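# Structural features, examined
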Amino acid sequence: MSRIVSLDMLRGYALVCIMLNHMPVGVLRQFTLTNFAVYDAAELFVLLSGFLVGLVWMKVERAEGRLAAQWRFARRAGQVWLALVLGGILLALLSRGLLELGFRHTAIWNEYARWIIEVPVGYIATLALMWLQPNLLDVLALYVIVLALAPMLVPLMLRWPVAFFVGSAAIWLMAVPLNAALPNHRVEGGLLFNPFGWQLVFHTGVAMGAFRHRFMPVLRRHGRWLTAISVAITLYSLAMVTLWRLGPEGKRLADIMWHAVGSVDKWSLDWVRYVAIMAASWLVAVPLSDLFAWAAGTAPGRALGTIGKGGLVAFVACVLLSVLGDAMALSLPKGAARLGVDLWTIAALWLTAHLWLREKARRMERRIKAG
């Protein structure tokens, strides 16, 4: 299986957007995905993660068998869980250090900084049990759950895809009450990223990766209609989030468009956000595929691709850098200085991913020589 470079670029773009979106006074956050679509980088990250699961699952199953694929993703769930715990500890320690130095920050709840010192065992235990998911890292809790269930659910999807997605959609429809029943520190109950809702976009991504050679020829027969519909949905999504900037008349029209589609709830993944990300996926994968492949070969595209390949290390780094960048920006005047912080955090994220990938390559080389 050859790497899809545009996929790495988009994963890197999603991580950069997640980082910038959580720097409240940043300059570049005005240009992230959430400013131009009704969905944001979270949907993009989860969908692409599912797509990679589907790609890798099929490769491993063909080469080594289903049991090997199941074990691979069970192990991966454990790695993501460990990243959630270690990331939560580092996040709290960073917050504590910044507060001790007099750098206020608003990207995360400052209580983590108190708990890590006053009740370290309790804080770490609640992280490990996932009863607490620190903000900015909470999407990893969702990822732990969907990956832990993948060894059981992906074989069902491969065997009975239609029945599987009927069941997935049924669970999505009941996502809010199901999530409320999960034990959690939140007053509302459940995880912030509702796993019963977000499993739909994740499993859609898995299906895209696993079935693309089977379904794409069929879908391409209706390509003109699908492209026209996807363009219309994407333009509607764009109008929903941008018209309010055009003054009172634009805001009035934007309000009408929002009311026309009903409630839009990110945390349980409402149908509007799901349909919008699906429409964008078709446009990226088919009519705009050559454009995105070209973009992935440019210097910025390669830099984003490096970040995208950085995996869990890049994700935890983007969270820590968003807190550090937020603290730095709040201590500086508006303007070029804050833009400099944004650019520095992006460069630091790229460097972290680059160093991690180089270390991985060295380890692989040593194993090959030893084995």
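Residues numbered from 1 in each chain as written. Predicted model: local features only at pLDDT ≥ 70, side-chain atom pairs only at ≥ 80, totals over all residues. Heavy atoms only, no water.

## Topic: the overall build of the chain
From N to C terminus, the chain includes 16 helices and zero strands. Relative to the globule expectation of 21 Å for 371 residues, the C-alpha radius of gyration of the chain, 21 Å, shows essentially globular dimensions. With the C-alpha coordinates of the chain rotated into their principal frame, the extents come out at 65 × 60 × 45 Å. Here the chain holds 371 residues, and the buried ones make up 46% of them. Considering the chain, the positive charge centre built from 35 side chains and the negative charge centre built from 19 side chains are found 9 Å apart. (Helix = DSSP H or I, 4+ residues; strand = E, 2+ residues; numbered from the N terminus. Rg over C-alpha atoms; globule rule 2.2 N^0.38 Å. Buried < 20%, exposed > 50% of the residue type's maximum accessible area, 1.4 Å probe, protein only. Lys, Arg positive; Asp, Glu negative; His and termini not counted. Charge placed at Lys NZ, Arg CZ, Asp CG, Glu CD.)

## Examining the pattern of salt bridges
According to the stated counting rule, one finds 13 salt bridges in the structure shown. Two residues, Glu-100 and Arg-96, come together in a salt bridge whose shortest N-O distance is 3.3 Å. You can see Glu-100 and its partner Arg-96 sitting in helix H3 (residues 66–100), four residues apart, about one turn around the helix. (Salt bridge = Lys/Arg side-chain N within 4 Å of Asp/Glu carboxyl O.)

## Description of the packing of H3 against helix H4 (residues 111–118)
The contact between H3 and H4 brings their axes to 8 Å, and the two run at 105 degrees. Judged by the angle between their axes, H3 and H4 are roughly perpendicular. Across the interface between the two elements, Ile-89, Ala-92, Leu-93, Ser-95, Arg-96 and Leu-99 from H3 touch Tyr-112, Ala-113, Arg-114, Ile-116 and Ile-117 from H4. In the contact of H3 with H4, the residues fall into eight nonpolar, one polar and two charged. (Axes fitted to C-alpha atoms, helices over the stretch in contact; angles between N-to-C directions. Parallel < 35°, antiparallel > 145°, perpendicular 65-115°, else oblique. Contact = heavy atoms within 4.5 Å. Nonpolar A, V, L, I, M, F, W, Y, C, P; charged D, E, K, R; others polar.)

## Re the packing of helix H1 (residues 5–21) against helix H15 (residues 311–330)
With their axes 8 Å apart at the nearest point, H1 and H15 run at an angle of 25 degrees to one another. The orientation of H1 with respect to H15, classified from their angle, is roughly parallel. Handedness of the crossing formed by H1 with H15: right-handed. Packed against H1, whose contacting residues are Arg-11, Leu-15, Ile-18 and Met-19, the element H15 presents Gly-311, Ala-314, Phe-315, Cys-318, Leu-321 and Ser-322 at the interface. Residues of the contact of H1 with H15, tallied by class, amount to seven nonpolar, two polar and one charged. (Left-handed = near helix turned anticlockwise from the far one by under 90°.)

## Some words on the environment of Leu-351
Inspection of the secondary structure puts Leu-351 in helix H16 (residues 336–370). In this structure the C-alpha to C-alpha distance between Leu-351 and Ala-314, which are 37 residues apart in sequence, comes to 9.6 Å.

## So, a nonpolar patch on the surface
On the surface, a nonpolar cluster with roughly 450 Å² of combined accessible area is contributed by Phe-31, Phe-36, Val-231, Leu-235 and Leu-238. Mapped onto the elements, Val-231 comes out in helix H10 (residues 223–242). Given the relative accessible area of 36%, Val-231 is considered partly exposed. (Patch = residues over 30% accessible without salt bridge, like charges linked within 9 Å, V, L, I, M, F, W, Y side chains within 5 Å. Areas by Shrake-Rupley, 256 points an atom, 1.4 Å probe, with all protein chains shown as cover.)

## Some remarks on the nonpolar core
Judged by nonpolar contacts, the single largest core of 106 residues is most densely connected at Val-201 and Phe-315. Counting residues per element, this core draws most heavily on helix H2 (residues 41–64), which supplies 14 residues. When sequence neighbours within four positions are dropped, the list of residues in contact with Phe-315 reads Leu-15, Ile-18, Phe-45, Leu-136, Leu-137, Val-139 and Leu-140. (Core = buried A, V, L, I, M, F, W, Y, C linked by side-chain atoms within 4.5 Å.)

## Topic: the packing of aromatic side chains
In the structure shown here, the tally under the stated rule is 12 aromatic pairs. Judged by centre distance (5.8 Å) and plane angle (85 degrees), the ring pair of Trp-109 and Tyr-112 falls under edge-to-face. Accessibility expressed as a relative area gives 43% for Trp-109, which makes it partly exposed. Following the ring pairs from residue to residue traces out a cluster consisting of Phe-45, Tyr-143, Phe-202 and Phe-315. Directly above the aromatic system of Phe-36 lies the positively charged group of Arg-245, at a separation of 5.8 Å from the ring centroid. (Phe/Tyr/Trp six-rings, centres within 6.5 Å; stacked < 30°, edge-to-face > 60°. Lys NZ or Arg CZ within 6 Å of the ring centre and 35° of its normal.)

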